[in-house]
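Analysis of the macromolecular model
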Amino acid sequence: MPNIIREVEERMRQRMVIPSLRSTLFTLAMASVLPVAAHANATADQLRESLQVNGQPMPVEQVNATPMDGIYHVRLESGESFYSNADGSHFLVGDLFENTANGLVNLTEQAKNQERVAALAAIPESERVVYRGVDEPKATVVVFTDPTCPYCERLHEAVPELNERGIAVHYLAFPRAGMNSDAATSMQQAWCSDNRSEAMTRAQQRKALSGPSDCDNPVAEQYNLGMELGVQGTPAIILPNGQLVPGYVPPERLAAMLGLGDA
């Protein structure tokens, strides 16, 4: 009997040692990772404060570490971005890709998509011109538009079909020729109208609007936001995941891109 007791006691000690060893190894691993992450964050903060070109401080909005050691993603207040080493002595302009088993993943574009999602989420529906149809939408796209753009007019003609397919369309303003253009005035009139969707449809049909354009409206703010988000022309369609699709897209193709191919 004493031998059996000793054997049981020995097995219990072994079971207690193994979890303890695992806990120790986990603690050591975390201890090695945390200083690295803290150092990367500290370097990013320092780079954000000290980055200069020609002796002039750059308008840096955000600096983040990348999966590449010593390389940081820098985003300027203008929306432009590039990559820098830790001391800001060398820059890389372009996209950063991850080489995975399933192919190349554009990390730069993924970051831009996330920025677009966050920026658009901050715009209330009250500042948009919305076409949603009768039924509850299955998906929503945000479109930077200009009523003097032929392809914007073509996309607007497809809005009823998009609504039938369960796709809501939310318009934001992007007067391509700037805030002193006729397009900017037309969109300001649409936003000042009591019925924005009706006024926008008239504008997209190249019909003159007679209402005021001097109300408190978000047209200039949305125009600047579009430039920050990478909009270079209209229509610029932004999908729910933040992907920017430039130009006109036929309804069936857009539905397929949204996973609504059978809608």
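A few points on the structure. (Residues numbered from 1 in each chain as written. Predicted model: local features only at pLDDT ≥ 70, side-chain atom pairs only at ≥ 80, totals over all residues. Heavy atoms only, no water.)

1. With respect to the sheet that holds strand S4 (residues 71-76)
- Spatially, four strands are ordered S3-S4-S5-S6 in an open sheet, and the strand pairing comes out antiparallel. Here the strands that pair on one side only, and so sit at the sheet edges, are strand S3 (60-65) and strand S6 (91-92).
- Summarising the sheet, S3 and S4 pair through five bridges and their orientation is antiparallel. Paired with Val60 across the strands is Leu76, a residue of S4. (Pairing = 2+ DSSP bridges. Helix = DSSP H or I, 4+ residues; strand = E, 2+ residues; numbered from the N terminus.)

2. Considerations on the pattern of salt bridges
- Tallied over the entire structure, the rule returns eight salt bridges.
- Residue Arg75 pairs with Glu61 through a salt bridge whose shortest N-O separation is 2.4 Å. Of this pair, Arg75 sits in strand S4 while Glu61 sits in strand S3, and the two are 14 residues apart along the sequence.
- Between Glu161 and Arg165 there is a salt bridge whose closest N-O contact spans 3.3 Å.
- Exposure remark for Glu161: the relative accessible area of 33% places this residue in the partly exposed category.
- Arg165 sits in the buried class, given a relative accessible area of 16%.
- Here the residues in one salt-bridge network are Glu61, Arg75 and Glu115, joined through shared partners. (Salt bridge = Lys/Arg side-chain N within 4 Å of Asp/Glu carboxyl O. Buried < 20%, exposed > 50% of the residue type's maximum accessible area, 1.4 Å probe, protein only.)

3. A closer look at the layout of surface pockets
- Taken as a whole, the largest pocket encloses approximately 330 Å³ of empty space.
- Residue lining of the largest pocket: 19 residues in total, with Gly79, Lys112, Arg116, Leu229 and Gly230 positioned closest to the centre.
- Top element by residues in the lining of the largest pocket is helix H2 (residues 107-121). It accounts for four residues.
- Looking at side-chain class alone, the lining of the largest pocket contains five nonpolar, seven polar and seven charged residues. (1 Å grid on protein atoms, 1.4 Å probe; cavity = no way out; pocket = protein on both sides within 12 Å on 5 of 7 lines; lining within 4 Å. Points joined across faces, edges and corners; volume = space filled by probe spheres on them. Nonpolar A, V, L, I, M, F, W, Y, C, P; charged D, E, K, R; others polar.)

4. Things to note about the state of the cysteines
- If you walk through the whole model with that rule in mind, you get one disulfide.
- There is no disulfide at Cys152, and the cysteine sulfur nearest it, in Cys149, is 3.1 Å away.
- Under the relative-accessibility criterion, Cys152 is labelled buried at 1%. (Disulfide = S-S within 2.5 Å.)

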